[in-house]
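Report on the structure
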Amino acid sequence: MSATLVSVGGMTQSFDKAFDKDSRAEAPIRAEEVTALRGFLDYHRDTLRWKCSGLTQEQLAQVHEPSTMTLGGMMKHLALNEVGWFGQTLAGEPYPPPFDGIDWDADPDWEWRTARDDSPADQWALYDECVRRADAAIDQALARGGLDAESVQQSSSQGAFSLRWILLHMIEEYARHNGQADLIRESIDGATGE
Amino acid sequence: MERTQRPLRADEPTSLRAFLDHHRDTFRWKCSGLSQAQLARTLPPSEMTLGGMMKHLAVVEQSWFEDDFVGGGLMPPFDTVDWEADPDWEWHTARDDTPEELFALLDEARRRADAVLDRALALDGVGLDGLSAAEHPHGQGHFSLRWILLHMIEEYARHNGHADLIRESIDGQTGH
């Protein structure tokens, strides 16, 4: 369902233009909790892919004033959220490149700011890789303790996060950003739709 | 304003309701302190307005919980609208409503939805696997209450994303 990655002459290219509204994962309308939560998360991951598909590097760097958000920045931000919540917080894994060497205290919006320097192919490849890592961390946590599995890293004052909470938070995080993406995308080329 | 907290370790129904309430509260915050004219402002090229979104989310609460899940129909003023002739009625009529009327409508829809949830999730209720009275329009059968709650969370969160940009364009207010 994700952008198809193929190796061409040693370069990884992303054929994201084929990603459309109707090829999104969907949450089944009757399912147990794990399937339902993962279904809604996958639906919103695919919705972000759809909203960002078929755009040039310049279009991915466009803002819809007065907001300073861009679709490219949002993809990099959500890639970071995937490895931040599922990899680092839930599983206790260090950030993968390029997020591992950043001084986040000095530059808290690094991913938003630097996305404009990345080609669409690089942005899609990073996003897909972070989703792949996140899914592996979810699989491991489910095997360890189901949706009540507790995160390795704790919140600042309220103890550990349950996997249930992290999944619900990622659904709301994606849905919120997809709402912003709706308006940004419409301002770029007029494309709309839920 | 004080928004509902989302407990970090809780059972499924408690978690789902807390996330829904958090987004309902976030939406109220995004719409609060604005005049009727400000609630009718757009951020072109989109035609959405915060006032229209308030009325839309009121009818969405009604439609999923009281109409589709229970099978009880829509409350006024939604019950007498010809939706086939005017599917965006709530969006374009909101500009004629005062902020007080829009908040009252949203509050009443939320109160009725919560009454449905309280019954369904009571000890002797149907629970999250309980099925809707209405069926999926494309032949997939009945909706579980679990799906409806998750859908309402994403519905509010998505509209809160729209509201973020529209509110920022009205008076510069930001924040999640």
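Note that this is a predicted model, so its numbers are computed, not measured. (Residues numbered from 1 in each chain as written. Chains lettered and ligands numbered in written order. Predicted model: local features only at pLDDT ≥ 70, side-chain atom pairs only at ≥ 80, totals over all residues.)

Attention now moves to the overall build of chain A. Tallying secondary structure elements over chain A gives 6 helices and 4 strands in all. Taken from the N to the C terminus, the helices and strands of chain A come in the order β-β-α-α-α-α-α-β-β-α. Overall, chain A is about 45 × 45 × 40 Å in size when its C-alpha atoms are taken along their principal axes. Counted over contacts in chain A with a minimum sequence separation of 6, partners at least 24 positions apart contribute 66%. (Helix = DSSP H or I, 4+ residues; strand = E, 2+ residues; numbered from the N terminus. Contact = placed C-beta atoms within 7 Å.)

Glancing now at the packing of helix 3 (residues 50–69) of chain B against helix 5 (residues 99–120) of chain B. All names here are of chain B. Put simply, helix 3 and helix 5 touch, their axes get as near as 9 Å, and they point 20 degrees apart. Here helix 3 lies roughly parallel to helix 5, going by the angle between them. The two elements helix 3 and helix 5 meet at a crossing, and its hand is left-handed. Side by side, helix 3 and helix 5 meet where G51, M54, K55, L57, A58, E61, Q62, F65, E66 and F69 of the first sit next to L102, L105, L106, A109, R110, R112, A113 and V116 of the second. Taken together, the residues of the contact of helix 3 with helix 5 break down into 11 nonpolar, 2 polar and 5 charged. (Axes fitted to C-alpha atoms, helices over the stretch in contact; angles between N-to-C directions. Parallel < 35°, antiparallel > 145°, perpendicular 65-115°, else oblique. Left-handed = near helix turned anticlockwise from the far one by under 90°. Nonpolar A, V, L, I, M, F, W, Y, C, P; charged D, E, K, R; others polar.)

This brings us to the interface of chain A and chain B. Each partner contributes residues to the interface: chain A has 32 residues there, and chain B has 30 residues. Of all the secondary-structure elements, those providing two or more residues to the side of chain A that touches chain B are helix 1 (33–52), strand 4 (160–162) and helix 6 (163–189) of chain A. A per-class count over the side of chain A that touches chain B returns 12 nonpolar, 13 polar and 7 charged.

Right, let's get into the packing of helix 6 of chain A against helix 6 (residues 145–171) of chain B. The interhelical angle for the contact between helix 6 of chain A and helix 6 of chain B, taken along N-to-C directions, is 45 degrees, at an axis separation of 7 Å. Classified by the interaxial angle, the pair formed by helix 6 of chain A and helix 6 of chain B is oblique. Every pair of crossing elements has a handedness; the one defined by helix 6 of chain A and helix 6 of chain B is right-handed. Residues I171(A), E172(A), A175(A), R176(A), H177(A), N178(A), G179(A), Q180(A), D182(A) and L183(A) of helix 6 of chain A form the contact with helix 6 of chain B, whose participating residues are I153(B), E154(B), A157(B), R158(B), H159(B), N160(B), G161(B), H162(B), D164(B) and L165(B).

With that settled, consider the pairing of strand 3 (residues 150–154) of chain A. Residues and elements named next belong to chain A. Sheet analysis places strand 3 next to strand 4, joined by 2 bridges and oriented antiparallel. By the bridge assignment for strand 4, Q154 is matched with A160. In sequence, strand 3 turns back onto strand 4 through a hairpin of 5 residues, with G159 there showing a positive phi of about 80 degrees. (Pairing = 2+ DSSP bridges.)

This part covers the nonpolar core. With 88 residues, the main nonpolar core has F86(A), I166(A), I171(A), M54(B) and I153(B) as its most contacted residues. Mapped by element, the contributors of at least two residues to this core are helix 1, helix 3 (71–91), helix 5 (120–145) and helix 6 of chain A together with helix 1 (12–31), helix 3, helix 5 and helix 6 of chain B. (Core = buried A, V, L, I, M, F, W, Y, C linked by C-beta atoms within 7 Å. Buried ≥ 20, exposed ≤ 12 C-beta atoms within 10 Å, placed from the backbone.)

Let's shift gears to the confidence of the model for chain A. For chain A, per-residue confidence averages 92 on the pLDDT scale, and residues scoring 70 or more make up 91% of the total. The low-confidence segment residues 1–17 of chain A, where pLDDT is below 50, has 35 contacts with residues more than four positions distant or belonging to other chains. (pLDDT = per-residue confidence, 0-100.)

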